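Chain residues, written in single-letter form:
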Amino acid sequence: MRYSAELEQRFQKLVSQYPWKRSALIPLLLYAQDEVGYLSDEVISDIARRVDLTELEVRNVISYYSLLRTKPAGKYVVQVCTNISCMMWGAEELFEHCKHRLGVDHKQVTKDGTFSLEEVECIGACSWAPAVQVNYDFHLDVTPEKMDKILDDYGKKAGQ
Amino acid sequence: MKTIYTPTPLASHPDEVRIISKRFGQGAQDIDRYIALDGYKAARKALEMQPDEITNEVKASGLRGRGGAGFATGMKWSFIPKQSEVPKYILVNGDESEPATCKDRLLVEYDPHSIIEGVIIAGLAVGAKTGFIYLRGEYRYLLEIMEKAVADAYAKGFLGKNIFGSGREFNILTHTGAGAYEVGEESALMESLEGKRGLPRLKPPFPAIKGLYGGPTVINNVETIATVPPIILNGGKWYAAFGPNEKNGGTRLTCLTGHFNKPGVYELPLGYPAKKMIYDVGGGIPGGRQLKSLVPGGSSTFLLNREEAESATMDYDWFAKRGEFLGSGGVVAIDDQTCMVRVALRIMKFYRHESCGWCIPCREGTDWLEKTLVRFHAGAGMEKDIDHMLYLANNMAGRTFCALGDAAAFPTISIIKKWRNEFEEHLNGKSCPFEKAGLRELAAV
């Protein structure tokens, strides 16, 4: 498995910095996913080797964490929080709006592979509800109109 | 993956007492700016103090865990054995995931060095040489800010083999999670940092005796640890005096969320009247509506009705006397046009999703309760379901390894007991009496 030089360097640092090597596992998986797009069989086997675990042990950890995925996602993962504070400001309706606008449901990818949509639990932006995260970028106080603009902007970026 | 950083909005109110938020918006991410704003003075002072003196100062401050459990911080530190054959650790819990809680984010974003300084002081107090700062995976931009702050502190010689030229060693590592509410529980947090599924551990042994990598470990919330430097600098008594008594010392970041005219994060003294918090600091309820319910500190706490909310004081004692909890600082106002069955359902949906499945009462209970609430909200509830839900929730509480089972049970019990009439209004195929009033309308306010 070949990663960028930058990521490879980060990996080397991660596997050597903890008292127990295994501690590097979750950051390794997340950073690999950021670069590759998802945790492919090849990535899983590579990372298992790096931290001296079996692939099964690694998969066991992956299935626990909601950010980790073993299937490809869209280039931009649109995560709409509908937890209680966001719900009070219309987040469930905002999620419905995204479904119609993108033509996909929870955890689905648009045909062109640009977006995937997810309804997520609290992302810690409760005073600025409703909140949406696109990949790691936060968007606060989102309205349906603002959402359209956000999606337009990412759509344009994807086309470039 | 490049993250786009947009500063999180800051709020302010004249009643705020700015101790840990005093550097917000002052450019304190920059280490030189932090130093100019009295930064790292407390760590230098702590280097001149005996370990017990540091812990006693924290004990005198009345500081209690700001993550939600409210355990006395100085007491927690004093449980760490003086002698240990294995290394001791400081672990900062930045897995901020309790619904309605968005305060640790601001501390990392606007004052990351206060966290580093707090960790150094905690390390000096208990004799640890390594600290870990664990941030939830969603907080990537904050991790980048934290990583830079740690690197800058190393470059200045505030971390490393010879901190502040004292000849003593202290190191800090930052660490990212990957999305799991359960990991906010301290034993699950250690499991996660060790590269495992975040399942809670059986206690005892408590982390202070056998924690991270088998070593004695102090686990403190981000806000708790950021409160340590001002306590050391100004004294425990000084800090305690901001609150009503020595068991409710100081201030806390209060996140006003939900139906407030002026939602935001405010640093309020302990014992602040909830009525003033709702109508003055929070600016009251939008659209001329009335308050129906208040979540006092994260969705794991017992919900208050309007009368209770208007007579509450925001301190540990007021809630403890009722057998309830002040919680995490995440306040949610719920107006009178909101369906409480829907609120109960949304809260339960969260706990069902986040239950790690280790303990049967929690795994099965949250699932069963969610299914019943879905059916209820759709108008297919039965009279006997109401008491059955109470029976289920009561049987979850206190019967699990960690507090997630309790966290799912407590709000449910309080909602069913206080708004039983709303459940009855959904019976026999009647449609939800509130849906017409629509949250969609409110979103447009």
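Residues numbered from 1 in each chain as written. Chains lettered and ligands numbered in written order. Predicted model: local features only at pLDDT ≥ 70, side-chain atom pairs only at ≥ 80, totals over all residues.

Caption draft 1: Representation of the overall build of chain A in the model. Within chain A one finds 7 helices and 5 strands. Along the first, second and third principal axes, the C-alpha set of chain A runs to 50 × 35 × 25 Å. By residue count, 42% of the 160 residues in chain A fall in the buried class. (Helix = DSSP H or I, 4+ residues; strand = E, 2+ residues; numbered from the N terminus. Buried ≥ 20, exposed ≤ 12 C-beta atoms within 10 Å, placed from the backbone.)

Caption draft 2: View of the sheet that holds strand E1 (residues 89-94) of chain B. Residues and elements named next belong to chain B. Strand order in this open sheet of 4 strands is E3-E2-E1-E4, and the pairing throughout is parallel. Edge positions in the sheet fall to strand E3 (171-176) and strand E4 (217-221), since each of these pairs with one other strand and no more. Between one strand and the next, the sheet's axes are offset by a mean angle of 20°, whatever the strand orientation. Sheet analysis places strand E2 (residues 130-135) next to E3, joined by 6 bridges and oriented parallel. Residue pairing across strands places Gly131 opposite Ile172, the latter belonging to E3. (Pairing = 2+ DSSP bridges. Axes fitted to C-alpha atoms, helices over the stretch in contact; angles between N-to-C directions.)

Caption draft 3: Spatial organisation of the confidence of the model for chain B. Taken residue by residue, chain B gives an average pLDDT of 95. The fraction at 70 or more is 98%. Per-residue pLDDT stays below 50 along residues 437-445 of chain B; that stretch engages in 13 contacts with residues further than four places along the chain or on separate chains. (pLDDT = per-residue confidence, 0-100. Contact = placed C-beta atoms within 7 Å.)

Caption draft 4: Region of the structure containing the interface of chain A and chain B. On the chain B side, the residues contacting the 43 residues of chain A number 54 residues. Listing elements by their share of the side of chain A that touches chain B, those giving two or more residues are helix H2 (25-36), helix H4 (55-62), helix H5 (84-87) and strand E5 (137-139) of chain A. No other element matches the 6 residues that H2(A) contributes to the side of chain A that touches chain B. Here the residues of the side of chain A that touches chain B sort into 26 nonpolar, 12 polar and 5 charged. (Nonpolar A, V, L, I, M, F, W, Y, C, P; charged D, E, K, R; others polar.)

Caption draft 5: Local environment of the domain arrangement of chain A. The domain architecture assigned to chain A consists of domain 1 (5-62) and domain 2 (76-159). The gap between the C-alpha centroids of domain 1 of chain A and domain 2 of chain A is 28 Å. (Domains from an automatic or database assignment.)

Caption draft 6: Looking closely at the domain arrangement of chain B. All names here are of chain B. For chain B, the domain assignment lists domain 1 (31-240), domain 2 (251-335) and domain 3 (340-443). Just the C-alpha atoms count here: the centres of domain 2 and domain 3 sit 22 Å apart. Each partner contributes to the interface: domain 2 provides 9 residues, whereas domain 3 provides 11 residues. Tallied by class, the residues present in the side of domain 2 that touches domain 3 amount to 3 nonpolar, 6 polar and no charged.

Caption draft 7: Quick peek at the pairing of strand E6 (residues 264-269) of chain B. Residues and elements named next belong to chain B. Across the 6 residues of E6, 6 count as buried, placing the element largely inside the fold. Side-chain alternation along E6 places Gly264, Tyr266 and Leu268 on one buried face and Val265, Glu267 and Pro269 on a second face that is also buried. As consecutive antiparallel partners, strand E5 (residues 251-258) and E6 are separated by 5 residues.

Caption draft 8: Representation of the nonpolar core within the structure. In terms of nonpolar packing, the biggest core is built from 184 residues, with Leu29(A), Leu91(B) and Ile121(B) touching the most fellow members. Those residues in contact with Leu29(A) that sit more than four places away from it in its chain are Leu39(A), Ile47(A), Ile62(A), Leu68(A) and Ala178(B). (Core = buried A, V, L, I, M, F, W, Y, C linked by C-beta atoms within 7 Å.)

Caption draft 9: Geometry of H4(A). Residues and elements named next belong to chain A. Of the positions making up H4, those classed as buried are Val58, Val61 and Ile62. All buried residues of H4 fall inside an arc of 100° around its axis, so they share one side. Elements that come into contact with the buried residues of H4 comprise H2 and helix H3 (41-50). (Arc of directions from axis to C-beta.)

Caption draft 10: Structural detail: the environment of Asn56(B). Locating Asn56(B) in the fold gives a position in helix H3 (residues 51-61). On a C-alpha basis, the gap between Asn56(B) and Thr3(B) in space is 42 Å, while along the polypeptide they are 53 residues apart.

Caption draft 11: Focus on the packing of helix H6 (residues 91-102) of chain A against helix H7 (residues 144-159) of chain A. Residues and elements named next belong to chain A. H7 packs onto H6 with a crossing angle of 40° between their chain directions and a minimal axis gap of 10 Å. In terms of their interaxial angle, H6 and H7 are classed as oblique. Considering how the two elements wind past one another, H6 and H7 form a crossing that is right-handed. Here Leu94, His97, Cys98 and Arg101 of H6 lie close against H7, whose contacting residues are Pro144, Met147, Asp148 and Leu151. (Parallel < 35°, antiparallel > 145°, perpendicular 65-115°, else oblique. Left-handed = near helix turned anticlockwise from the far one by under 90°.)

Caption draft 12: Main features of the environment of Tyr141(B). Take Tyr141(B): it is sitting in helix H7 (residues 140-155). Residues Tyr141(B) and Ala407(B) lie 266 residues apart in sequence; the distance between their C-alpha atoms is 29 Å. If we skip the residues at most four places from it in the chain, Tyr141(B) touches Tyr136(A), Thr3(B) and Tyr5(B).

Caption draft 13: Structural view of the sheet that holds strand E11 (residues 330-335) of chain B. Across the sheet, 5 strands lie side by side as E6-E5-E11-E8-E9 (chain B); this open sheet has mixed pairing. If you trace the sheet from one side to the other, it starts and ends with E6 and strand E9 (304-305) of chain B, each paired once.

Caption draft 14: Molecular detail of the packing of helix H14 (residues 340-354) of chain B against helix H15 (residues 360-377) of chain B. Residue and element names in this part refer to chain B. H15 packs onto H14 with a crossing angle of 150° between their chain directions and a minimal axis gap of 9 Å. When the axes of H14 and H15 are compared, the pair comes out roughly antiparallel. Remark: the crossing between H14 and H15 carries left-handed chirality. Residue-level inspection shows Val341, Arg342, Ala344, Leu345, Met348, Lys349, Tyr351 and Arg352 of H14 in contact with H15, the latter providing Thr366, Asp367, Leu369, Glu370, Leu373, Val374, Phe376 and His377. Taken together, the residues of the contact of H14 with H15 break down into 9 nonpolar, 2 polar and 5 charged.

Caption draft 15: Spotlight on unusual backbone geometry. Pro204(B) follows Lys203(B) through a cis peptide bond whose omega is 0°. Note on placement: Pro204(B) falls in the loop between helix H8 (186-193) and E4. The linkage connecting Pro204(B) with the following residue, Pro205(B), adopts the cis geometry, with an omega of 5°. By the element assignment, Pro205(B) lies in the loop between H8 and E4. The backbone of Asp52(A) sits at a positive phi, close to 55°, despite the residue not being glycine. Mapped onto the fold, Asp52(A) is located in the loop between H3 and H4.

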